[in-house]
There are 2 protein chains.
Amino acid sequence: MLPLESEHITNIAYDTVILGFTGKELKILILEYQNSGQFALPGGFIRRNEDLYDAVKRGVRERTGLEKIHLEQFHTFGKKNRDSAYPFKKIAAGKGYTLTSDHWVLDRFITVGYYALINYNQVQPTPDKFSDSINWYDINKLPTLMIDHAEIVEKALESIRNDLGKKPIGENLLPEKFTMKELQKVYETILNKEFRRTTFQRKMLSMDILKRHEKLYTGAANKAPYLYSFDKEKVEKT
Amino acid sequence: MLPLESEHITNIAYDTVILGFTGKELKILILEYQNSGQFALPGGFIRRNEDLYDAVKRGVRERTGLEKIHLEQFHTFGKKNRDSAYPFKKIAAGKGYTLTSDHWVLDRFITVGYYALINYNQVQPTPDKFSDSINWYDINKLPTLMIDHAEIVEKALESIRNDLGKKPIGENLLPEKFTMKELQKVYETILNKEFRRTTFQRKMLSMDILKRHEKLYTGAANKAPYLYSFDKEKVEKT
């Protein structure tokens, strides 16, 4: 069933950029709608009786099967020529519905963008009933996305780059304990540039948000790297 | 005349936090609505045929008389209990209108927040026809603001503090040429903390976004401080 106007506020929606780190690459979750050829970020509408943030969390849970992921709002997209009517018609048609031209979902929409960083290996996204599939795509090899979703992805990455110095961006992308090399790989992938190992290590340690743990023994004991975790108390204060 | 539903998109509005620096204090522009006792940030609705950002620029021009000010989007506020119906009824009543309970401006609104930093001495804000007055208020001595406008102000200040390290926040608050002492005062006021003169100067110069000019002669020549301006080319690249 299509979302009812009486249950939602109009002209405003949200879209989410959900990023996962494979250990080598950053990937983004993309939905493909049934019988429509439309690829999209997971998004949705806001119910009349729910907070924007709660709508986003609910929508992500319903559309991707992911629970309890931390979402950061980064930008609201309000160009008048955001054309969602065409893809929404195609999506409805793919499900066997015909939308009358005055249907509320065909009106202009402003959308609020959220991003989430999750551990690629610990989650198993599942598509909702409107979608053929939900898949991880390399950020450099996305399919053609509907409306301005490619621009939304760009802006999300820009925001994450800006936040990298002041928020523990790596925290949700990495396992609880990680090596300095793994952390460096996250930064290099997000910033799309390489660092010298020594410079990177010095910079990270100077931020004073890491805890050092035991070494990661792999057999070649003399080369075993230390494991680190984010020091939650110190991170909270920054 | 009240804004018409047919000309606007519904459930979505914007509000602006316009900050000016007096040389000593940070002030915020606040409107007082006629015969209603309602104090508010300058805000408004979005026409069906205009971009969100254009709506904000138009609204600021119409409501405050200010032209060509640079606005940064910082956050979108979407709590379901943002109660704009009560103040909107009071504002309409103050102008002699009675709103029926199904009037579109009494519905739930999500609002997009923008901030602007302007040179307090170079502008002369003027109230629009809905407002008694438009006045600069010290950020620490605001009147009781309608809806969640106090929270919007807090969030704007938080965003400006975050942006201070990476954007030339001082640029629009100061005259074109300024002394290091004036720049320090801007930072101290925004961050609400004091810096040592030498530490502050070293940090600012290390950012490499300032141009040094002639000294500011005031009579006591041996103590004349240098004048600086932001180096627009270098700022663009950051």
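For the structure, check the block above.
Conventions and cut-offs
- Here, residues in each chain are numbered from 1, in the same order as that chain's written sequence.
- Here the convention is simple: chains get letters from A, ligands get numbers from 1, in the order in which they are written.
- For this predicted model, a pLDDT threshold of at least 70 governs which residues receive local features, and a threshold of 80 or more governs which side-chain atom pairs are given and counted, while totals over whole chains, interfaces and linings are taken from all residues.
- Side-chain metrics rest on all non-hydrogen atoms present in the structure, leaving aside hydrogens and water.
- The contact rule is simple, with two residues in contact once any of their heavy atoms fall within 4.5 Å.
- Here the buried area means the combined drop in accessible surface, using a 1.4 Å probe, for two parts upon being joined, counting both sides.
- We define a salt bridge as a contact between a side-chain nitrogen of Lys or Arg and a carboxyl oxygen of Asp or Glu at a distance within 4 Å.
- The criterion is simple. A nonpolar core is a set of buried Ala, Val, Leu, Ile, Met, Phe, Trp, Tyr and Cys residues joined through side-chain atoms within 4.5 Å.
- Between buried and exposed lies partly exposed: a residue is buried under 20% and exposed over 50% of the maximum accessible area for its type, with that area taken using a 1.4 Å probe on protein chains only.
- The copies were overlaid by least squares, fitting only the C-alpha atoms of residues that reach a pLDDT of 70 or more in each copy.
- When DSSP finds two or more bridges between a pair of strands, those strands are recorded as paired.
- Each helix is a run of DSSP H or I of at least 4 residues and each strand a run of E of at least 2, with the numbering of both proceeding from the N terminus.
- Only the stretch in contact is used when a helix axis is fitted, and all axes are lines through C-alpha atoms; the angle between N-to-C directions ranges over 0 to 180 degrees.
- Roughly parallel here means an angle under 35 degrees, roughly antiparallel means over 145, roughly perpendicular means 65 to 115, and every remaining angle is called oblique.
- To estimate the expected span of a helix, count its residues, drop one, and scale the result by 1.5 Å.

Colleague: Account for the interface of chain A and chain B, naming residues and giving values.
Modeller: Contacts between chain A and chain B engage 23 residues on the former and 23 residues on the latter. Summing the contributions of chain A and of chain B, the shared interface buries around 2,000 Å²; its carbon and sulfur component is 48%. The largest contributions to the chain A side of the interface with chain B come from Asp51, Gln73 and Arg108 of chain A, which together make up 22% of the buried area. For the interface between chain A and chain B, the tally reads two salt bridges.

Colleague: Before we move on, can you summarise the nonpolar core with the specific residues and values?
Modeller: Core analysis: the largest hydrophobic core is formed by 42 residues, its most contacted members being Ile18 of chain A together with Ile18 of chain B. When residues no more than four places from it in sequence are discounted, the contact partners of Ile18 of chain B are Lys27, Ile28, Leu29, Pro42, Val60, Thr64, Leu66, Ile69, Ala116, Ile118 and Trp136 of chain B.

Colleague: Got a sec to walk through the relation of the copies chain A and chain B? Specific residues and values, please.
Modeller: Once chain A has been moved 0.0 Å along the axis and rotated by 180 degrees, it coincides with chain B to within an RMSD of 0.0 Å. Such a combination of rotation and displacement between the chain copies is what one expects of a two-fold axis. A shared interface surface links the copies, since 100% of the contact residues of chain A are contact residues in chain B too.

Colleague: Quick one: what's the story with the sheet that holds strand E10 (residues 226-230) of chain B, residue by residue and with numbers?
Modeller: Hydrogen bonds between backbone groups are what pair the strands of a sheet, and the pairing can be parallel or antiparallel. Residue and element names in this part refer to chain B. If you trace the three strands from one edge of the open sheet to the other, you get E8-E10-E9, paired in antiparallel fashion. Each edge of the sheet is formed by a strand with only one pairing partner; in this case those strands are strand E8 (178-179) and strand E9 (210-215). When E8 meets E10, the two strands line up antiparallel, connected through two bridges. Within E10, the residue paired with Phe178 across the bridge is Tyr228.

Colleague: Let's hear about the side chain of Lys27 of chain A: which residues, and what values?
Modeller: Topologically, Lys27 of chain A is positioned in strand E2 (residues 26-33). Setting aside residues no more than four positions away along its own chain, Lys27 of chain A makes contact with Ile18, Leu19, Gly20, Thr22, Tyr120, Trp136, Tyr137 and Asp138 of chain A.

Colleague: So what's going on with the packing of helix H4 (residues 180-191) of chain B against helix H5 (residues 197-206) of chain B? Which residues, and what values?
Modeller: Residues and elements named next belong to chain B. Two numbers describe how H4 lies on H5: the axes approach to 11 Å, and their chain directions differ by 95 degrees. Our classification of the angle between H4 and H5 gives roughly perpendicular. Contacts between H4 and H5 involve Met180, Leu183, Gln184 and Tyr187 on the former and, on the latter, Arg197, Phe200, Gln201, Met204 and Leu205.

Colleague: Give a detailed account of helix H1 (residues 52-64) of chain B, specifying residues and quantitative values.
Modeller: All names here are of chain B. Between its first and last C-alpha, H1 extends 18 Å over 13 residues, near the 18 Å set by a 1.5 Å rise per residue. Among all positions in H1, only Leu52, Ala55, Val56, Arg58, Gly59, Val60, Arg63 and Thr64 are buried. Residue Gly65 follows H1 closely and has a positive phi angle near 80 degrees.

Coordinates in, geometry out; function isn't part of it.
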